[in-house]
Amino acid sequence: MAAVREALRARRPDHLSGERQSGAAAAGCGSGPSGRPRLRPQAATFWLTRIVLLRSVAFIYFVAFSVAYHQNKQLLGEKGLLPGKLYLKKVQRYAGGRVGIEAFSYAPTILWFLDWSDMDAHLDNIALLGMGLSVFVLLTGRANMIIMLLLWILYHSLVNIGQICDLRKNGKSLLLVRRGCSVLFPFWVQLVPDPL
């Protein structure tokens with residue numbers, strides 16, 4: 001560990017300071033006093049910020065999906081307070097009796113593409129998949145746009161199946177959907193004003 005610190009703190013030799021550096025020295029690959037390659041920290045990188053942001057968003061998604069896993073059957077399940085199957089049937093009837101772009105735009109959820117005969121299992125599977133993805137991002141600190149998009153789609157699907165009286169469809173859930181989108185598309189925060 002001390003050798004790495006010494007390599008990071010090593011200064012450029014005096015004979016290279018006045019003249020132009022060679023390709024290896026310019027790239028930070030020159031050798032230090034011990035003969036080991038010198039390591040230079042990269043300027044203006046955001047690796048720590050990225051890891052902290054990804055892990056904090058993953059933790060929030062994990063909490064949200066674990067709450068959804070424990071409450072889905074009681075709120076949106078087949079025998080819940082506001083059954084999701086009934087809601088999707090009402091939206092389908094409102095959209096002309098078929099699942100099309102109008103029904104999907106009214107309630108965008110991946111449950112439109114699944115069989116509604118066992119809604120409880122689908123709700124649990126969505127929550128478990130979201131918990132698994134968020135634990136992966138939380139533990140590794142790594143994610144790409146596909147993983148973050150999947151997390152956003154899964155949580156958006158659970159929020160949109162809830163009706164107007166759903167306890168989770170309040171400002172906090174919508175804020176998580178919006179902040180999840182801002183992690184995917186950072187420029188979106190500047191374009192669209194916050195509705196809350």
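Quick note: structure is the one above.
Let me begin by describing the structure that accompanies this report. As the structure is a prediction and not an experimental result, all values here were calculated from the model.

## Quick word on helix α4 (residues 47-75)
Moving on, step 1. Here α4 is 29 residues long and its end C-alpha atoms lie 40 Å apart, about the 42 Å a rise of 1.5 Å per residue gives.
Moving on, step 2. Largest kink in α4: about 35 degrees, centred on Y69.
Moving on, step 3. Turning to α4, its buried residues are L54, V57, A58, Y61, A64, F65, S66, A68, N72 and L75.

## A short note on the packing of aromatic side chains
Moving on, step 1. Applying the stated criterion across every chain, the model contains 6 aromatic pairs.
Moving on, step 2. Between Y61 and F65, the aromatic rings sit 6.1 Å apart at their centres with planes inclined by 25 degrees, giving stacked as the arrangement. Taken together, the positions of Y61 and F65, both in helix α4 and 4 residues apart, correspond to about one turn of that helix.
Moving on, step 3. We classify F65 as buried; its relative accessible area is 0%.
Moving on, step 4. A ring pair is formed by Y94 and Y106, whose centres lie 5.6 Å apart and whose planes are at 45 degrees; its orientation type is tilted. One end of the pair, Y94, is in helix α5 (residues 84-94); the other, Y106, is in helix α6 (residues 101-106), with 12 residues separating them in the sequence. In this pair, the class of Y94 matches that of Y106, namely exposed.

## A short note on the packing of α4 against helix α7 (residues 119-140)
Moving on, step 1. Following both chains from N to C, one finds α4 and α7 inclined at 160 degrees, their axes separated by 8 Å at the closest point. Our classification of the angle between α4 and α7 gives roughly antiparallel. Regarding α4 and α7, the two cross each other, and that crossing is left-handed.
Moving on, step 2. Within the contact of α4 with α7, the residues separate by chemical class into 17 nonpolar, 5 polar and 4 charged.

The rules behind these values
- Residues numbered from 1 in each chain as written.
- Predicted model: local features only at pLDDT ≥ 70, side-chain atom pairs only at ≥ 80, totals over all residues.
- Heavy atoms only, no water.
- Helix = DSSP H or I, 4+ residues; strand = E, 2+ residues; numbered from the N terminus.
- Expected span 1.5 Å × (residues − 1).
- Bend = angle between axes of the 7 residues up to and from the residue.
- Buried < 20%, exposed > 50% of the residue type's maximum accessible area, 1.4 Å probe, protein only.
- Phe/Tyr/Trp six-rings, centres within 6.5 Å; stacked < 30°, edge-to-face > 60°.
- Axes fitted to C-alpha atoms, helices over the stretch in contact; angles between N-to-C directions.
- Parallel < 35°, antiparallel > 145°, perpendicular 65-115°, else oblique.
- Left-handed = near helix turned anticlockwise from the far one by under 90°.
- Nonpolar A, V, L, I, M, F, W, Y, C, P; charged D, E, K, R; others polar.

Note that all results are geometric; they support no functional claim without further evidence.
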